[in-house]
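Coordinate inspection notes
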Amino acid sequence: MTPHDTDTDTEGHADAHGTSHTTSPGTAHGKVTITEIARQAGVSVPTVSRVVNGRSDVSPATRARVEELLRLHGYRKRPPATPTRSAPLLDLVFNDLGSPWAVEIIRGVEEVAHAAGVGTVVSAIHGRTGDAREWMRNLRARASGGVILVTSDLEPTLHEQLRILGVPLVVVDPTGTCTDGVPVIGAANWSGGLAATEHLLALGHRRIGLIAGPRRLLCSRARYDGYRAALEGAGVPVDESLVVPGDFQSESGFTGAGALLDLPDPPTALFAASDRMALGAVEALRRRGLRVPEDMSVVGFDDLPEVRWSAPPLTTVRQPLADMGKLAVRTVLRLAHDEHPDSPRVELGTELVVRSSTAPPARP
């Protein structure tokens, strides 16, 4: 894929309103708009701009159709004043990069992008408006060919700027409801929460604690709903005193496990909505002289590489993080070629991976 730049100087140069000031035999006042050419060709305005600028990321049939209309309207192109950059780029934007979870997404993105000859610019906006606006300024300067937004929010004005620039956008693991028409890639979080809880129920646990993720995130709410559904399906009342908040980080898992252990009747098993919180919970148990799984079973969510080597190896729900990154690149490349994805929302399957951190309860 080649990044979309704004229209270069031509004898039919397009101004801010997309108007070509070349003499056009079939157009009043000798002007034709790029919007009109896009309408006649049945493609988007960014596609016409890519054809005008000689970009390669347009299908042959579409290119021929647009070029014929440009020729009919007398739209003549002259070489740009400065050389164009030959190496296309994608922007990969996170809210936070300080997690092995982010590394797995990057690994998947890099694999597909590298194979496609596309470079990747990785950024973190930390949920701050100023950071997001600075990133947008940088994106404009480098003429990015597409954006993959991971568990992050952009204010509506920035979404609109991406649309105006014609930069394709794909959202991975959205924090909330996405803008209409923006493809979304996620994981089956509800079924993952269901599978984790059903596993503990099958072992005989009835008091199962949950260290939940941030309530503002859709994935957190889906995992919580899966937990509830499993309990209700087994006829086990949902005890909200067994649900404590977390933020997906180890410290909140440590704190949450401590709060559950301080209950008059603590749980016999624990489902943490992320692997890092699960590892924090294991450390909290260890410091109190409790063993996993003999004294309490623990299940995580993500299947980060490190949990295979924890003590004990962690039972967890495998989230296809690298595959989500791979699909995001393929989707944004399709959008750049004016191809629509098969579905606006894709959920990749999760899988329970049973290791040594779960066992039947030591007490009834």
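In what follows, the structure referred to is the one given above.
These lines cover the structure that appears in this document, whether it is placed above or below.

Each value, and the rule that gives it
- Residues numbered from 1 in each chain as written.
- Predicted model: local features only at pLDDT ≥ 70, side-chain atom pairs only at ≥ 80, totals over all residues.
- Heavy atoms only, no water.
- Core = buried A, V, L, I, M, F, W, Y, C linked by side-chain atoms within 4.5 Å.
- Buried < 20%, exposed > 50% of the residue type's maximum accessible area, 1.4 Å probe, protein only.
- Helix = DSSP H or I, 4+ residues; strand = E, 2+ residues; numbered from the N terminus.
- Contact = heavy atoms within 4.5 Å.
- Salt bridge = Lys/Arg side-chain N within 4 Å of Asp/Glu carboxyl O.
- Polar contact = N/O pair within 3.5 Å; in protein donor to acceptor, adjacent residues only side chain to side chain.
- Pairing = 2+ DSSP bridges.
- Axes fitted to C-alpha atoms, helices over the stretch in contact; angles between N-to-C directions.
- Expected span 1.5 Å × (residues − 1).
- Arc of directions from axis to C-beta.

We now examine the nonpolar core. Among the nonpolar cores identified, the biggest contains 25 residues, and Trp101, Ile105, Ile148, Val150, Val172, Met324 and Val329 are the most heavily contacted of them. The set of elements that each furnish at least two residues to this core consists of strand S3 (89-94), helix H4 (100-115), strand S5 (147-150), strand S6 (169-172), strand S7 (184-187) and helix H11 (321-336). The element contributing the most residues to this core is H11, with seven residues. Excluding residues that lie within four positions of it along the chain, Trp101 makes contacts with Phe94, Val150, Thr151, Asp173, Asp302, Leu304, Gln319 and Leu321. The next biggest cluster of nonpolar side chains, apart from the first, holds 22 residues, and it includes Val244, Ala273, Ala284 and Val298.

The next thing to look at is the pattern of salt bridges. Evaluation of the coordinates by the stated rule reveals 21 salt bridges. Glu339 serves as the salt-bridge partner of Arg334, at 3.6 Å between the closest nitrogen and oxygen. Residue Arg334 is classed as partly exposed on the basis of its relative accessible area, which comes to 29%. A salt bridge links Glu347 to Arg345; its shortest N-O distance comes to 4.0 Å. When its relative accessible area of 42% is taken as the criterion, Arg345 is described as partly exposed. Among the charged side chains, a salt-bridge network with shared partners connects Asp303, Arg318, Glu351 and Arg355.

In this structure, Leu321 sits in helix H11. The exposure class of Leu321 is buried, given its relative accessible area of 3%. With 135 residues separating them in the primary sequence, Leu321 and Gly186 have C-alpha atoms 9.0 Å apart.

Structurally, Thr358 is set in the segment after strand S14 (351-353). In this structure Thr358 comes out as buried when scored by relative accessible area, which is 11%. Within the structure, Thr358 has its side chain in polar contact with the side chain of Thr315 (distance 3.1 Å). Those residues in contact with Thr358 that sit more than four places away from it in its chain are His199, Leu200, Leu203, Pro293, Ser297, Val298, Val299 and Thr315.

With an omega of 10°, the peptide bond between Val292 and Pro293 qualifies as cis. Looking at where Pro293 falls in the secondary structure, it is placed in the loop between helix H10 (275-287) and strand S11 (297-302). Although it is not a glycine, Asp302 adopts a positive phi angle of roughly 140°. Within the secondary structure layout, Asp302 lies in strand S11. Look at Asp302 and you get buried, because its relative accessible area is 5%.

This next bit is on the sheet that holds S5. The pairing of strands in a sheet happens through backbone hydrogen bonds and is either parallel or antiparallel. Reading across from one edge, S4-S3-S5-S6-S7-S13 is the order of the six strands in this open sheet, with parallel pairing throughout. One side of each edge strand has no neighbouring strand; the edge strands of this open sheet are strand S4 (119-124) and strand S13 (345-348). Strand-to-strand twist of the sheet, defined as the mean angle between neighbouring strand axes without regard to direction, takes the value 20°. Alignment of S5 against S6, held across four bridges, turns out to be parallel. Among the inter-strand pairings, Ile148 is bridged to a residue of S6, identified as Val170.

Right, let's get into the pairing of S11. Along any regular strand the residues' side chains alternate between the sheet's two faces. Along S11, six of the six residues are buried, which leaves the element largely enclosed by surrounding structure. Residues Ser297, Val299 and Phe301 of S11 are buried on one face, and the alternating residues Val298, Gly300 and Asp302, pointing to the opposite face, are buried as well. Bridging between strand S10 (residues 269-272) and S11 involves three bridges; their strand directions are parallel. Note that in S11 the partner of Ala269 across the bridge is Ser297.

Our focus in this paragraph is H4. Counted at 1.5 Å a residue, the expected span for H4 with its 16 residues is 22 Å, and the 23 Å between its end C-alpha atoms agrees. Where H4 is concerned, the buried positions are Trp101, Ala102, Glu104, Ile105, Gly108, Val109, Val112 and Ala113. End-on, the buried residues of H4 take up no more than an arc of 165°, which puts them together on one face. In H4, those exposed residues whose orientation departs by more than 90 degrees from the buried face are His114 and Ala115. A positive phi of about 75° marks Gly117, the residue just after H4.

All we've got here are geometric facts, nothing functional implied.
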